[in-house]
Structures are given as C-alpha cells and as structure tokens.
Amino acid sequence: MTNQTDTQEKSKVSRRQFLGFAWLTAIVAFTGETLAALFKFVQPVTAGGFGGIIKAGKVDKFAPGSVTYFQQGRFYLHRLEDGSFLALWQRCTHLGCSVPWEESEDQFHCPCHGSLFSKVGVVAGGPAPRPMDYFPVIIEEGEVLVNTESPIERKAFDSTQTTPA
Ligand code: FES
C-alpha cells in the first residue's frame, strides 16, 4: 500500500516536472520568436547597397499608381498617376520600424505602434510625427536611379519631391 502511494507520488512529481519543462520550452520559443521579429523591424539600416545609388530599372517597368519595394535600397518606389516618381524610405518616423506597404489598405501600415502613411508617405494616423522621408530620384537614359545616400525629411507632400519621367 505504501509502495503504491509512493509510486503515485513520484508519478505526480514527474508530471509536474514535465509540465514545468513544457511551459519553459514554450516561453523560451515564444521569447526567441518575439526577439527575432523585433530585430527584423528595428535592425539598423547599414549594408547591402543602401547608402549609394540604386538602379531601380527602366521607367516603363513601373505602371502609374504602382508601389514597388526595393529591399536592397530599403525604399518603396511609387510611380504616381501623373507618371512621376517618389522614393520613400521604409523607416517609420516614429521609432524607426520598417513600414510595410499594405496593398489591400492602399497605405503603409507600421506594425509597431500602428502609424499609417498614405501612398505618398503622409501621416494618416498613429503616433508618427512627420511623413516618411524620401530619397532623390534621377532618371537617366530611361533608367530610374534612387540615391539612398541621405534621406530627406519633410513636413508635408508636394510635387517638388517627385521626379518626372
Ligand atoms: S515605430 Fe512605427 S508607429 Fe512606432
């Protein structure tokens, strides 16, 4: 009788240990995934072509109204309906997260604190203090070039920020 009680007691302890281990594993996995996701969004902008002139492609490759992401240059190239180009830095002006383009919403939507930016990068909601910064666009022999050397801050959007094709 005593032996059976001891076995049941050991079994209970063992189950508790197992559950504790399972919880610990889940917490470690969750923390790791969270940190990896956080790093992806706040990683510093450094190498991989960023900081120089990026060849985006031929003018005709971009349809009016389109938004094309260039991971290497960390910008979005927006071809406006009038055919001109605007290159927006992907960096959120709130705390620097990478801002994805949400085609279904027709706007940029920062996942960190919910800032929203219109197609030309103007703040449409959330805590961002100013529009997305932009880069100069150069059209040379029918090719679109984006100079990612130094992003330009602005308070609002106007057509001087765009480059005609
Ligand atoms: S970093 Fe984008 S809303 Fe805070």
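Here goes a summary of the coordinates provided. Since the model is a prediction, treat every value here as computed from it, not as a measurement. (Residues numbered from 1 in each chain as written. Predicted model: local features only at pLDDT ≥ 70, side-chain atom pairs only at ≥ 80, totals over all residues. Heavy atoms only, no water.)

## Digging into the state of the cysteines
Then, in step 1: The final tally for this structure, using the stated rule, is one disulfide.
Then, in step 2: The partner cysteine of Cys-97 in its disulfide is Cys-112, sulfur to sulfur 2.0 Å. Taking the sign of the S-S torsion, about -100° here, the bridge from Cys-97 to Cys-112 comes out left-handed. With Cys-97 in the loop between strand 4 (85-89) and strand 5 (101-102) and Cys-112 in the loop between strand 6 (107-109) and strand 7 (116-117), this pair connects stretches of sequence that are 15 residues apart. (Disulfide = S-S within 2.5 Å. Helix = DSSP H or I, 4+ residues; strand = E, 2+ residues; numbered from the N terminus.)

## Comments concerning the sheet that holds strand 7
Then, in step 1: Taking strand neighbours across the sheet as the criterion, the four strands line up as 5-6-7-8 in an open arrangement whose pairing is antiparallel. With one partner strand each, in any of the chains shown, strand 5 and strand 8 (123-125) form the two edges of the open sheet.
Then, in step 2: As paired elements, strand 5 and strand 6 share two bridges and run antiparallel to each other. Each bridged residue has a counterpart across the sheet, and for Trp-101 the counterpart in strand 6 is Phe-108. (Pairing = 2+ DSSP bridges.)

## Brief notes about unusual backbone geometry
Then, in step 1: Positive phi, normally seen in glycine, also occurs at Arg-74, with a value near 55°.
Then, in step 2: Counting through the fold element by element, Arg-74 comes out in the loop between strand 2 (67-70) and strand 3 (75-79).
Then, in step 3: Assessed through its relative accessible area of 14%, Arg-74 is described here as buried.
Then, in step 4: In this structure, Glu-141 takes a positive phi of about 50° despite not being glycine.
Then, in step 5: With respect to the helices and strands, the residue Glu-141 is situated in the loop between strand 10 (137-140) and strand 11 (143-147). (Buried < 20%, exposed > 50% of the residue type's maximum accessible area, 1.4 Å probe, protein only.)

## A short note on the sheet that holds strand 10
Then, in step 1: Taken together, three strands build an open sheet; the order of strands is 1-11-10 and the sheet is antiparallel. Two strands in the sheet have a free side with no partner beyond their single neighbour: strand 1 (53-58) and strand 10. Neighbouring strand axes in the sheet, compared pairwise and without regard to direction, differ in orientation by 25° on average.
Then, in step 2: Relative to strand 11, strand 1 is paired through five bridges, and the arrangement is antiparallel. Paired with Lys-55 across the bridge in strand 11 is Leu-145. (Axes fitted to C-alpha atoms, helices over the stretch in contact; angles between N-to-C directions.)

## Focus on the environment of Phe-117
Then, in step 1: Residue position: Phe-117 is located in strand 7.
Then, in step 2: Exposure remark for Phe-117: the relative accessible area of 0% places this residue in the buried category.
Then, in step 3: Residues Phe-117 and Val-99, 18 residues apart in the sequence, show an inter-C-alpha distance of 9.0 Å.

## Considerations on the nonpolar core
Then, in step 1: The biggest cluster of nonpolar side chains holds 16 residues, and the ones touching the most others in it are Phe-108 and Phe-117.
Then, in step 2: Not counting chain neighbours up to four residues away, the residues in contact with Phe-108 comprise Val-67, Tyr-76, Leu-88, Val-99, Pro-100, Trp-101, Ser-115, Leu-116, Phe-117, Ser-118, Lys-119 and Met-132.
Then, in step 3: Counting residues in hydrophobic clusters, the runner-up holds 15 residues, among them Phe-50, Ala-87, Trp-89 and Val-146. (Core = buried A, V, L, I, M, F, W, Y, C linked by side-chain atoms within 4.5 Å. Contact = heavy atoms within 4.5 Å.)

## Section: the packing of aromatic side chains
Then, in step 1: Counting across every chain of the model gives 10 aromatic pairs.
Then, in step 2: A centroid spacing of 5.9 Å and a plane angle of 85° characterise the contact between Phe-62 and Phe-85, whose relative ring orientation is edge-to-face. Taken as a pair, Phe-62 in the loop between strand 1 and strand 2 and Phe-85 in strand 4 lie far apart in primary sequence, 23 residues in all. Judged on exposure class, the residue Phe-62 and its partner Phe-85 are both buried.
Then, in step 3: A ring pair is formed by Tyr-69 and Tyr-76, whose centres lie 4.8 Å apart and whose planes are at 35°; its orientation type is tilted.
Then, in step 4: Classification of Tyr-76 as buried rests on a relative accessible area of 7%.
Then, in step 5: Following the ring pairs from residue to residue traces out a cluster consisting of Phe-50, Phe-62, Phe-70, Phe-75, Phe-85, Trp-89 and Phe-135. (Phe/Tyr/Trp six-rings, centres within 6.5 Å; stacked < 30°, edge-to-face > 60°.)

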